[in-house]
Every structure is written in C-alpha cells, then in structure tokens.
Amino acid sequence: MSDEKQSSGFSWFLAGLGLGALLGVLYAPKSGRETREELASSAREGTEYLKQRSREAADQVNVYVDRGKTQVSEYVDRSKEYVDRGKSQLNDWMNQGKQYVNEQGGRVSAAVEAGKQAYRTTTGTTTEPAPSQEPTHS
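The present account deals with the structure reproduced in this document. (Residues numbered from 1 in each chain as written. Predicted model: local features only at pLDDT ≥ 70, side-chain atom pairs only at ≥ 80, totals over all residues. Heavy atoms only, no water.)

A surface patch of nonpolar side chains, about 440 Å² in accessible area, is lined by Phe10, Phe13, Leu14 and Leu17. Mapping leucine 17 onto the fold places it in helix α1 (residues 2-27). (Patch = residues over 30% accessible without salt bridge, like charges linked within 9 Å, V, L, I, M, F, W, Y side chains within 5 Å. Areas by Shrake-Rupley, 256 points an atom, 1.4 Å probe, with all protein chains shown as cover. Salt bridge = Lys/Arg side-chain N within 4 Å of Asp/Glu carboxyl O. Helix = DSSP H or I, 4+ residues; strand = E, 2+ residues; numbered from the N terminus.)

Moving on to the pattern of salt bridges. A complete count under the given rule lists three salt bridges for this structure. Glutamate 48 is paired through a salt bridge with arginine 55; the nearest N and O atoms lie 3.4 Å apart. With its nearest N and O atoms 3.9 Å apart, the salt bridge here joins lysine 116 to glutamate 113. Note that lysine 116 and glutamate 113 are positioned in helix α2 (residues 32-123) at a spacing of three residues, about one turn of the helix. Lysine 116 gets classed as partly exposed once you look at its relative accessible area, which sits at 32%. On the basis of relative accessible area, glutamate 113 is assigned to the partly exposed category, the value being 43%. (Buried < 20%, exposed > 50% of the residue type's maximum accessible area, 1.4 Å probe, protein only.)

Below, the structure is given as structure tokens:
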C-alpha cells in the first residue's frame, strides 16, 4: 500500500508541474524569443554602461595624474630655486669668512713683525736670531 501512495504522490507532483508550466506559458507576457532578446539587450546595455563608466574613471584618473605632475614640477622648480639661493648665500658667507681670516692674518703678521722689531730695538740686534734646532734622537 505504501508503494501505491508513493506512486500516487509522484503522479500528483508531475501533474502539478505540468499545470504550472502550462500556466506559465499561457500567462507569460512575452514569447521566449522576445524574452531572450530583452535579456541580451539588457546585457548589452549593462556592458555599454560599464564601458562608459570605465572611460569616465580613466579620464578622471588622467586629470588627477596631470594635476599631480604639474604640482610636482612646481615643487621641483621651487626647490631648485631654494637650493641655488642657499648655495649663493653659503658662498657669500665663505667669501666673507675668507676675507676676515685674511685680514686677521695680516694683522697677526704685522703684530709679529712689530714684536720682532721691538725685540731688535730693545736688544740692539739688527739681524734675526737663527731658529733653534732641536737635537734629533736616533
């Protein structure tokens, strides 16, 4: 008896399936061909939309890249100006330092000569004493 119930249940399932398919065909708003064409058209529209958005995104990225290149170029030019200005100032300071050292060196030399002259005058010698030589250790 359980075999009869199972086959009876299965036949009702098949009957319901057939009835559902028949109602689906009867009440479908479009034919299968129209439905396939509409799906294909929607897919093409979606693809075209994605292509368009991709082009817009690429254009926007290019704008950002160009803007970034311009800014970097400006920063590089400005940095070069600062470096050149710094080099110029450093050279000026070095030249001033060299000039100061030379002036002071001349004053020291003049003071040494004045000291030697004073020594000569005080001791009554007209020639400079020979430099002392230290004995070499072998």
